[in-house]
Amino acid sequence: MNRLEGRTAVVTGSGQGIGRAIALGLAREGASVVIAEINQETGLAAQEEIRQGGQKALAVNVDVSREDSVRSMVERCLAEFGRVDILVNNAGIYLVSSVEEMAEENWDRVIRTNLVGAFLCSRAVVPEFLKQGGGRIINISSSIGFYGARNGAHYAATKAGLIGFTKALALELALHNITVNAICPGLTDTAQPRGHRTEEEMYAKANVIAMRRIGQPGDHVGPAVFLASDAARFVTGQTILVDGGGVTG
Ligand SMILES: NC(=O)c1ccc[n+]([C@@H]2O[C@H](COP(=O)([O-])OP(=O)(O)OC[C@H]3O[C@@H](n4cnc5c(N)ncnc54)[C@H](O)[C@@H]3O)[C@@H](O)[C@H]2O)c1
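These remarks concern the structure in this document. (Residues numbered from 1 in each chain as written. Predicted model: local features only at pLDDT ≥ 70, side-chain atom pairs only at ≥ 80, totals over all residues.)

### Focus: the overall build of the protein chain
When helices and strands are tallied, the protein chain shows nine helices and seven strands. On C-alpha atoms alone, the protein chain measures out to a radius of gyration of 17 Å, which is about the 18 Å that the 2.2 N^0.38 rule sets for 249 residues. With respect to the principal axes defined by its C-alpha atoms, the protein chain has extents near 45 × 40 × 35 Å. When each of the 249 residues of the protein chain is scored for burial, the buried share is 45%. Partitioning the intrachain contacts of the protein chain with sequence separation of at least 6 by distance along the chain shows that 71% fall at a separation of at least 24. (Helix = DSSP H or I, 4+ residues; strand = E, 2+ residues; numbered from the N terminus. Rg over C-alpha atoms; globule rule 2.2 N^0.38 Å. Buried ≥ 20, exposed ≤ 12 C-beta atoms within 10 Å, placed from the backbone. Contact = placed C-beta atoms within 7 Å.)

Written as structure tokens, this is what we have:
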């Protein structure tokens, strides 16, 4: 299908995991995709995979937590594709620590990457959306934004913050044909949870999820394509939990 033909999407943190699956999914729908990634190696690999599938892709090395880096990433996107229609704020990090033992520097690092990064990327694309007469922002929050996480207060604060940011920005941009929505993945098998859980611990979680399995990166593609497509033109300020029915015990 070509639901996104002629559109250009920027997907941050799309060298691996959920972002990579979303970037490939948007490309399959006809979008040209900027792989906006801090890791050059994984960014280039994702770019090659999309190009091999016959779609346009450009890997751009970016640190979403730095304004200058974000601005030059958007400039590279415009120089290559001449427009930007969709922004997926997906880049994120998870550091494990109790609040008591948390270094302020780590609190700041998580906030800057997960929350300030989404603000900087959104602010950089909105002028282009306004010139073009519309656009889509999709923020990748987390079910942890609703439920919290032991030893992840900084992460939970960013993910809850992204939900508020989504609602506020949606109101601000509603009259300009720009929608802003959030997807909240539940536990999904990527490098992020594998960094702080054993495989056994991760898969044990399946027993308390309504659908009795944890997520896979591909589970988030359909909701992202929907929110990016014309089918969702009247949907804004919304948060969709994509978590297999949640933790039900
Ligand atoms: N995996 C899960 O269980 C889960 C659940 C809920 C939400 N999420 C969220 O989904 C998003 C993707 O996570 P994932 O699970 O695929 O993790 P991941 O660690 O596999 O991918 C994150 C990507 O972001 C990139 N990145 C990190 N810092 C960056 C920066 N400053 N600038 C640009 N890129 C940067 C990384 O290099 C990596 O490619 C994150 O926002 C995460 O918080 C994940």
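### Considering helix α4 (residues 104-132)
When the terminal C-alpha atoms of α4 are compared, their 41 Å separation across 29 residues agrees well with the 42 Å that a helix rising 1.5 Å per residue should span. In α4, a bend of some 40 degrees at valine 116 exceeds every other bend along the element. Listing the buried residues of α4 in full gives Val110, Thr113, Asn114, Leu115, Gly117, Ala118, Leu120, Cys121, Ser122, Ala124, Val125 and Phe129. Buried residues along α4 sit in contact with β1 (8-12), α3 (67-81), β4 (86-89), β5 (135-140), α6 (153-173) and β6 (178-185). Where α4 terminates, the next one or two residues include glycine 133, which has phi positive at roughly 85 degrees. (Expected span 1.5 Å × (residues − 1). Bend = angle between axes of the 7 residues up to and from the residue.)

### Observations regarding the site of the ligand
The environment of the ligand is formed by 30 residues, the closest being Gly13, Gly17, Gly92, Ser142 and Thr190. Looking at the shell around the ligand, the elements with two or more residues in it are α1 (17-28), α4 and α7 (191-194). Here the shell around the ligand is composed, by residue class, of eleven nonpolar, 17 polar and two charged. (Near = placed C-beta within 6 Å. Nonpolar A, V, L, I, M, F, W, Y, C, P; charged D, E, K, R; others polar.)

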